[in-house]
Amino acid sequence: MSEKVSDRILSRLREWGVEYVFGYPGDGINGLLAAWERAGDRPRFIQSRHEEMSAFEAVGYAKFSGRVAVCAATSGPGAIHLLNGLYDAKLDHVPVVAIVGQTNRSAMGGSYQQEVDLQSLFKDVASPFVETVNVPQQLPNVLDRAIRTAYSRRCPTAVIIPADVQELDYEPPSHEFKMVPSSLGMSDYSTAPSDEALRRAAEVLNAGEKVALLIGQGARGARAEVEQVADLLGAGVAKALLGKDSLPDTLPYVTGAIGLLGTRPSYELMRDCDTLLTIGSNFPYTQFMPEFGQARAVQIDIDPHMVGLRYPYEVNLVGDARTTLRRLLPMLERKTDRSWQEGIVSEVERWWQVMERQAQVSSDPINPQYVAHCLDPLLPENTILAADSGSATNWYARHIRMRGEMRGSLSGTLATMGCGVPYAIGAKYAHPDRPVIALVGDGAMQMNGMAELITMAKYRSEWSDPRLVVAVWNNQDLNQVTWEMRAMSGSPQFLPSQHIPDVSYARFATSLGLTGIRVEKPEDVERGWREALAADGPAVVEFLTDPAMPPIPPHATWDQMEATLTSILKGDSDRFSMIAQGVKTKAQEFLPGGGGSQRDG
């Protein structure tokens, strides 16, 4: 039997080392599906319940493996469903290749069933590379370029293959006019700034007396170098949420997350510093950074298109974080006055004390912060955490301390709901030998998570470490938006939009053959976590939490935090309203025009 175009697609993916394709079937890729059968399911086809979940699973796989991920969908609606996950990849700079079907070439332009202009559809989300394969000779070049571009630009790309082309006999490009040959592979590469630029950066950093570091996901491969820089400069280190796992929270000068979901020490670090070094982050919310003119600043980023965007940096160093810092370190002078860093350490200690007090506040039925607070010490040091979007993100940002080889991520820039559970599935395929935990609100769970529990049940036997836990904060409220409405609009709660049905997530999990645990009282929270982590397969642990527990903004003063805690403990609603009004006034400076759930860049 002759090799079809569809056969060649799968063999080329195998040659690139692709092990999994996250997808959903449809007649627009029937040729590919038949080829998968002939290929003995290599690379493995991982079937989600929805194409959006396929894209999210690919994003999770790429985020936690560092490798390119591939997702596949049929023409028309299948291709459309991929978009949200692909935009998540685009905004968080993750390499994902989408392979999508299209109606037969003979039907194009005829308003045929499921005919969508896919070139236009993917033009923005896959702008670095989107191409349609119209003849077999195009295939290797198009597929190779899609993979190379995704790798090198850390972005989604798209390959569109009409159904009839998939069934054609494959012919490689020949040595003729207007044929484009192709080849496999690409080496690792490293961009590095000039010596002169490094000297100018060192001059700025050495002159500072109160140095702050802001790191993001681009600093993840430079952990040792970042620690050395912080030690030499006597600096504090704040982390954008996508960079939460770039440096351990056990280091005393690490102030934690920055932004609306960040910490008071990170807010103060930026407020009071005279020098800023940003490494591998494009955190977009300048209102949380030093006042313009307050600090001299240096940025390190591997992408020349992303430097100089967020702050008036004096020196912009384009280069890989690790390589650049290794060359910069010998030029830095050790600061003898350690009082700045010592003050940061003291405030960080105070912050963790406040977090513990907030977690211990009595609620009806369970304080949502207490759920994350109890999990923190139980986490194995090789855990992978996938946080969804919602108020649960607050508790992930503030109560979970990264240590050891722990990894964590979320939809940082798109801040889309419904990514947590599919991220966790993608993470499990990236690291089947590590425990994975998804932290999810009940809104996100109802949106996407429940269906993907079916996917977990389907593939549960494939992971060597059985621990895959989905934790659900069940408060019957779309809580993040509810608190945003209270802060910005003075609206207590618009129930038609905010209230959601009560669902027994634990019972649903049990119906699928998974472990289901329902926790209704504070004294059972730790037991619930321990049971879930000890399960012999995927587990859902559902916590009934209080929707009335406020996420106090980082710009609230220490006194306001203490007063808020006291007022909650006393049940003093008038006093709490007064504090909330003060926080609202300040929040309006941070959320112009109403804002949104500010995360990470």
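The coordinates are above.
Computed from a predicted structure; not experimentally measured.

Asks: Can you walk me through the sheet that holds strand E11 (residues 296-301) in this structure?
Replies: In any sheet, the strands associate via hydrogen bonds between backbone groups, in a parallel or an antiparallel arrangement. Strand order across the open sheet formed by 6 strands is E9-E8-E7-E10-E11-E12, with parallel pairing between neighbours. The strands lining the two open edges of the sheet, one partner per strand, are strand E9 (254-257) and strand E12 (315-318). Looking at each pair of strands side by side, their axes are set apart by 15° on average, direction ignored. For strand E7 (residues 211-215) and strand E8 (residues 236-239), the ladder comprises 4 bridges, and the chain directions are parallel. Across the sheet, Leu214 pairs through a bridge with Ala238, a residue of E8. The sheet strands contacting helix H12 (residues 321-328) are strand E10 (275-279), E11 and E12, and the helix crosses E11 at an angle near 130°.

Asks: Is there a simple way to think about the sheet that holds strand E17 (residues 515-519) in this case?
Replies: One open sheet holds the 6 strands; their spatial order is E14-E13-E15-E16-E18-E17, and the pairing between them is parallel. Both outer strands of the open sheet, strand E14 (407-410) and E17, are each paired with one neighbouring strand and no more. Averaged over neighbouring strand pairs, the angle between their axes works out to 15° when direction is ignored. Where strand E13 (residues 384-387) and E14 come together, 4 bridges link them in parallel fashion. Note that in E14 the partner of Ile384 across the bridge is Arg407. With respect to the sheet, helix H16 (residues 420-430) is in contact with E13, E14, strand E15 (436-441) and strand E16 (468-474), its orientation differing from that of E15 by roughly 175°.

Asks: Where do I start with the packing of helix H3 (residues 51-65) against H16 in this structure?
Replies: Packed helices, taken two at a time, are described by the angle between their axes plus the distance between the axes. Closest axis-to-axis distance for the H3/H16 pair is 7 Å, and the angle between their directions is 45°. Taken as axis vectors, H3 and H16 run oblique relative to one another. The element H3 and its partner H16 pack so that their crossing is right-handed. Between H3 and H16, the residues in contact are Met53, Phe56, Glu57, Val59, Gly60, Tyr61, Lys63, Phe64 and Ser65 and Pro422, Tyr423, Ile425, Gly426, Ala427, Tyr429 and Ala430, respectively.

Asks: Quick question: what am I supposed to make of the side chain of Ser48 here?
Replies: Counting through the fold element by element, Ser48 comes out in the loop between strand E2 (44-47) and H3. Here Ser48 falls in the buried class, since its relative accessible area comes to 0%. A polar contact of 2.7 Å, which involves the side chain of Ser48, links it to the backbone oxygen of His50. There is a polar contact of 2.6 Å between the side chain of Ser48 and the side chain of Ser54. In this structure Ser48 touches Gly23, Tyr24, Met53, Ser54, Glu57, Glu452 and Thr455, once residues within four positions along its chain are discounted.

Asks: I tried to follow the nonpolar core on my own but got confused; where do I start?
Replies: Soluble globular proteins: nonpolar side chains tend toward being buried together. Ranked by internal contacts, the top residues of the largest apolar core, which has 57 residues, are Val96, Phe122, Tyr429, Met445 and Val470. When residues in this core are grouped by element, the largest group, 8 residues, is from H3. Val470 has contacts with Val421, Ala438, Val440, Met445, Leu453, Met456, Ala539, Val540 and Val541, leaving out every residue within four places of it along the chain. Counting 37 residues, the second-largest nonpolar core is a separate cluster that includes Ala372, Ala392, Leu439 and Val541.

Asks: What am I meant to see in the pattern of salt bridges here?
Replies: Two side chains that carry opposite charge are able to pair once their charged atoms sit near each other. Under the defined criterion, the tally for this structure stands at 34 salt bridges. Measuring nitrogen to oxygen at the nearest pair gives 3.2 Å for the salt bridge that ties Arg12 to Glu15. With Arg12 and Glu15 both in helix H1 (residues 5-15), this residue pair falls 3 residues apart, about one helical turn. A relative accessible area of 8% means that Arg12 is categorised as buried.

Asks: Before we go on, may I ask you to explain helix H18 (residues 479-489) in this structure?
Replies: Helical geometry: 3.6 residues make up each α-helical turn, so side chains three or four residues apart lie on a common side. Every buried residue of H18 is listed here: Asn479, Gln480, Thr482, Trp483, Glu484, Met485 and Met488. Residue Gly490 follows H18 closely and has a positive phi angle near 70°.

Asks: When you look at unusual backbone geometry in this model, what are you seeing that I'm missing?
Replies: Trans is the prevailing form of peptide bonds, just as negative phi is the prevailing case for residues other than glycine. In the segment running from Arg42 into Pro43, the intervening peptide bond is cis, with an omega of -5°. Topologically, Pro43 is positioned in the loop between helix H2 (30-38) and E2. A cis amide bond links Asp364 with the next residue in sequence, Pro365, at an omega value of 0°. Its location among the elements puts Pro365 in the loop between helix H13 (339-360) and helix H14 (368-375). The backbone of His93 shows a phi angle near 60°, a positive value even though the residue is not glycine.

Asks: Just to check I follow, could you spell out the pairing of E8 for this structure?
Replies: If a strand is regular, its side chains alternate between the two faces of the sheet. The two faces of E8 match: Gly236 and Ala238 on one face and Val237 and Lys239 on the other face are all buried. Crossover connection from E7 via helix H10 (residues 223-233) to parallel E8: handedness right-handed. Here 3 bridges tie E8 to E9, and the two strands are oriented parallel to one another. Counterpart to Ala238 in the pairing with E9 is Gly256.

Asks: Please explain the environment of Glu347 as it appears in this structure.
Replies: With respect to the helices and strands, the residue Glu347 is situated in helix H13. Judged by its relative accessible area of 21%, Glu347 is partly exposed. Here the alpha-carbon distance between Glu347 and Tyr253, two residues 94 residues apart in the chain, equals 9.2 Å.

Asks: Help me understand the pairing of E2 in this model?
Replies: As judged from the 4 bridges shared by strand E1 (residues 20-23) and E2, these two strands associate in the parallel manner. Along E2, the bridge assignment pairs Val21 with Phe45. With respect to chirality, the unit in which E1 leads through H2 into the neighbouring parallel E2 is right-handed.

Asks: Would you mind going over the packing of aromatic side chains with me for this structure?
Replies: Two descriptors summarise a pair of aromatic rings, namely the distance from one centre to the other and the angle between the planes of the rings. Per the stated rule, a full pass over the model turns up 13 aromatic pairs. With a centroid separation of 5.6 Å and an interplanar angle of 70°, the aromatic rings of Phe292 and Tyr311 are classed as edge-to-face. With Phe292 in the loop between E10 and E11 and Tyr311 in the loop between E11 and E12, this residue pair connects regions lying 19 residues apart in the sequence. Residue class for Tyr311 comes out buried when judged on its relative accessible area of 3%. Note on Tyr311 and Tyr313: the rings are 5.9 Å apart at their centroids and 65° apart in plane angle, and the pair reads as edge-to-face. Tyr313 gets classed as buried once you look at its relative accessible area, which sits at 11%. Feature note: the residues Tyr20, Phe22, Tyr61, Tyr429, Tyr459 and Trp463 constitute an aromatic cluster, connected by ring pairs. Seen from the ring of Tyr396, Lys244 lies directly overhead, with NZ or CZ sitting 5.3 Å from the centre. Positioned over the ring face of Trp352 is Arg401, at 4.3 Å from the centre of the ring.

About the thresholds
Residues numbered from 1 in each chain as written. Predicted model: local features only at pLDDT ≥ 70, side-chain atom pairs only at ≥ 80, totals over all residues. Heavy atoms only, no water. Pairing = 2+ DSSP bridges. Helix = DSSP H or I, 4+ residues; strand = E, 2+ residues; numbered from the N terminus. Axes fitted to C-alpha atoms, helices over the stretch in contact; angles between N-to-C directions. Contact = heavy atoms within 4.5 Å. Parallel < 35°, antiparallel > 145°, perpendicular 65-115°, else oblique. Left-handed = near helix turned anticlockwise from the far one by under 90°. Buried < 20%, exposed > 50% of the residue type's maximum accessible area, 1.4 Å probe, protein only. Polar contact = N/O pair within 3.5 Å; in protein donor to acceptor, adjacent residues only side chain to side chain. Core = buried A, V, L, I, M, F, W, Y, C linked by side-chain atoms within 4.5 Å. Salt bridge = Lys/Arg side-chain N within 4 Å of Asp/Glu carboxyl O. Right-handed = clockwise from strand over helix to strand, strands pointing away. Phe/Tyr/Trp six-rings, centres within 6.5 Å; stacked < 30°, edge-to-face > 60°. Lys NZ or Arg CZ within 6 Å of the ring centre and 35° of its normal.

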